[in-house]
Structure formats: C-alpha cells, structure tokens
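# Working through the structure, step by step
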Amino acid sequence: MRDITSNKKPSFSRKDIPEELPEEAKKLYEKHASKIAAKKPTAKSSVRRFAGSQIPITTVHVPKQMVPEKQSKKEPAIAMEKRPLFAVIPKKTEKAKKIKKTKTFKPAMLLGTKETKIAMALSAVVLVVAGIAAFIFLPSANIALNIQTAPLLVDQKLSIATNAAAVPNAVPGTVFSQQVQIQGGSPVTTTQTIGTKAKGTVRIFNKTFDTQKIKAQSRLATKDGAIFYMQSPAIIPASSGSSVSSATVEVEAADAGDQGNLTPQRLDFAALDGSAKAVVYGQVETAFTGGSGQQVKVVADSDLDAAHEAAKAQAKAQVEQAAKAQLQSGWSLMEESWDIKLDSFAPAQKTGDKAENIVFTATATARVFAYQESALNSVLQSALASNLPPNTTLFPGPISFTKSVDSVDWDKGVANVTARVTHSTIPNVSLDTLKDKLVGRSKDDATTYLQNLPGAQTVDLKLWPFWVQSIPSIQQRINIQVNPTR
C-alpha cells in the first residue's frame, strides 16, 4: 500500500533501503532520495507530493493472507497501486549475464622438515632391507654334473600265474583263449617256365695229369647261374706235356626258356671248388639254340607252408583285438607267449596248380598270457637292487628288459619266463649331502671338489647374479643336475 501523506523533513539513509530489493533498485532508491532532499518546499504549498509520473514503479507481490478482505468503515478505501515504488523494469532485450563459478585452487599439502626426514629415513630402511634380502635370497647356483655310468645286466627267472597265491613270488596273470573261423588267401611266389629247353655240346678240358671220370647229370653253370646237365658220362684222359686233353659231351638246360640259349663261353662244374674249377672246366664252342617258354606261377609246398602261416597270423590278429578290449588298466599281453594252432586248414589249390594266390578256409585256436605291469616291474627292480655292485646305486629312470618263455602249462595257468634286465649304475651320491658339502665354497673350490667325486667326468657350475662368488647358503637355491655318460 502506498502512503501519500506529506513529510515535513523527509530524510533517507542507506539503512532505510529494503534489503530485499535488487542492487540496481537500491542505487536508484539512493539517487532519487538525494534529489528529493535537495529540493525545498515552495510558498504555494508546504507539502511536496511525489509525482507518480516521475517515480519508476514496479509490481510488488503481497502475500494473500496479509491483504484484509474488508476495509474498515472509518477509513476510506484507498486504491491499491499496481506499481510499487523504486522498482526498475529491466529491458526485455537484455539478458542477464550468468555468473560463472570460479574453481578455488587448493594447494597440495606439503611435508614439513621433520616429516621429510622421517619419510627419507623409512625409504632408506626399505632399501637396505631389500638389498639384504636380495643378497641372501637372490643368489643361485646351477650345477651340471656328468657322471660315468656302468651297465648292469641281470637275467631274472620268474613265473606268471593265473593263481599267483599258489605260486611263490609269481606275477599275477591271466589267459585269453578263443577259437575263430578264418577265410583268407596267400600269394604264390614259386614260378616255372613252360616251354622247351635249350640243348648243345660242350667240350670238357682236363689240365690235370690224372684221368677225370665225370658222371652223367653233372651240373655245369654259367657265370649268371644258369644250370646245364650232362646227358651222358665222360672220361677225359690226363694231360701230357704241353697238350691238354678234352672230350665233347651233350648238355641240356635245367629250365625251359630262352635263358638257356648260350653264346660261346666258359662253363664251370658247380660241384668243384675254386682250385679244381681252374683245371677242369667246359667250353661252349657252338651257340645253344631252341630254348623258349613262358614263365607262370605254380603252387609249391613252400607256398602252402606260407598259407598256413598267413592263417595263423589272421587268427592272432582277431584274438588279439578281442583280448585287448578285455584287458584291465595296467595289464599287458605277453607277446612271447602266443600259441596258435590250426584245427583245420582247407586250401582251394594244391601243389603243382597254376595260380596267383592260394585261397583257404581254416579254424584256429589262439591263446596268450597277460600280466600285471606294476608287479613285473617290482620284481625286476628288486632283482637289479640285489645285484648292485658296492657303493653304487641305480640310475634314476625306467628299466629296459626283454622276455623269453621257457615253458607254459596252459591247464594250470603258469608260464615260466626269463627276463633279461639292462640298466645303468652310478656312484652312490646323495644330492642333499652333496649340497651341504658345497655350501659356502668358492666357484673354483666347488668345481675341484665335484671333479674328484667317483665317476665324475665333467662339471659345469654357474653362479647368478654376476656379483656372487660362492655357493649360496640356502640349499633350495642350489640346483644339481646329474647326467649319465657312457
């Protein structure tokens, strides 16, 4: 509400400025108040009224609860001004500038002199402790010691039994047996030449001083191995003086074919030794002709024997596949114990037949022993340990052995076997004791000590890092690798 009553001595001060006005309104308030105070009232009127046209006004928002609903009857109603005093209406075209908030700079916390000294002391302690730890735990020694090994050979007799409890020191075993039907074939390798045989005459020379009586069917051979048979006996007189006696005989090639056609050349008796061949021999003077023929494959007894073996191999393959499928883990078949018998064998070809292959059907029974690997290795390890020379030990590593079957009782399920075990021995050196002996020694001293060990050949010792000059005092930092040399 606006008060329009006059004031004789208007006075304005900064404390009369409403605190809630904007800063620009406050400045305008002070400026206008100073102007009113400077003017004096005229004679016509002692009271100076404020002209509304000269005073900037603005709208003042009055809370609703503070405006009385009904005016008092005694006081006349005064029109409410819609424009309060001393307000500045901002121009619409001007935009209020945004006040940017400036970031306050917070200086880093600085350590004082005492704190700096403490921090430096702690850093120095950490460095010293780290250096001591590195000096103690970082050094290491790697030693490669080559020791000469000696071979150890042991022949150990043992038994493999299906009932190991009934046989002393027997290795647990089992038997696989199966009868199988077989159908297969085997190639024929024997060849013959079907045709005519070459024939001719050969002059036999005798350079000895004795009469040579040569029987019929005696064999003469070329340098390539072609055989010719004398068709009749011959008597060659002894040589006398500078003359060499001789006789002419008829010969025939052993096989048909053109390989019997010979050109003039020398023939030697196949039954004579080297010195006799030099003084009694034959000579082809007229070329042999008439040999011709074709080479074909003909079944021989050797081919039938090969077919038997092929049938056995086929039976073994079938039974072996079935046995391995039934084997428990850690068990192996004893290959030396295979027993295969042909119950029946029926080849489609016979001896003398011309054929490329022998086709057969057969019935076979195959059986084999199986043994527990760990039990066998334990027996062989014990055999090696009991045959060790004094002051030696077995070289670490797997052992090697071969087996041979001495006898088999399939009914009782017992196989007597001889195992030949080969391994290597080295001088009995304890690595822990050796490390104790090396601790604190210099590199040269440790190398000399190792080279003087029994069986030592070469020593390669490396220290790390570069400043280390002696073997570390911690055994875990010493690594010794023993290598065998034969």
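This text gives an overview of the structure that appears in the document.

Cut-offs applied
Residues numbered from 1 in each chain as written. Predicted model: local features only at pLDDT ≥ 70, side-chain atom pairs only at ≥ 80, totals over all residues. Heavy atoms only, no water. Pairing = 2+ DSSP bridges. Helix = DSSP H or I, 4+ residues; strand = E, 2+ residues; numbered from the N terminus. Axes fitted to C-alpha atoms, helices over the stretch in contact; angles between N-to-C directions. Contact = heavy atoms within 4.5 Å. Salt bridge = Lys/Arg side-chain N within 4 Å of Asp/Glu carboxyl O. Buried < 20%, exposed > 50% of the residue type's maximum accessible area, 1.4 Å probe, protein only.

So, on to the sheet that holds strand β20 (residues 456-464). The pairing of strands in a sheet happens through backbone hydrogen bonds and is either parallel or antiparallel. Taken in spatial order, the three strands line up as β20-β1-β21 in an open sheet, and their pairing is mixed. This sheet does not close on itself; its edge strands, each paired only once, are β20 and β21 (478-485). Recorded for the sheet is a direction-independent mean angle of 15° between the axes of neighbouring strands. Each of β1 (140-148) and β21 touches helix α6 (residues 431-438); the most contacted strand, β21, lies at about 120° to it. Strands in contact with helix α7 (residues 443-451) are β1 and β20; relative to β20, the strand with the most contacts, it is inclined by about 155°.

The subject of this paragraph is the pattern of salt bridges. Any two side chains of opposite charge can pair, so long as their charged atoms come close to each other. Counted according to the given criterion, the structure contains twelve salt bridges. A salt bridge links Glu335 to Lys316; its shortest N-O distance comes to 3.8 Å. With Glu335 in the loop between β14 (331-333) and β15 (339-347) and Lys316 in helix α4 (residues 301-326), this residue pair connects regions lying 19 residues apart in the sequence. Classification of Lys316 as partly exposed rests on a relative accessible area of 27%. Residues Arg367 and Asp339 are paired through a salt bridge, measuring 2.9 Å at the closest nitrogen-oxygen approach. Placement of the pair is Arg367 in strand β16 (residues 357-372) and Asp339 in strand β15, with a sequence separation of 28 residues. Relative accessible area serves as the criterion here: at 23%, Arg367 is assigned to the partly exposed category.

Read around the closed barrel, six strands run β5-β10-β8-β7-β11-β12, paired in antiparallel fashion. The mean angle between the axes of side-by-side strands here comes to 40°, regardless of whether they run parallel or antiparallel. Inspection of the sheet shows strand β11 (residues 266-269) paired to strand β12 (residues 280-284) by two bridges, in the antiparallel sense. Bridge assignment links Arg266 to a residue of β12, and that residue is Gln283.

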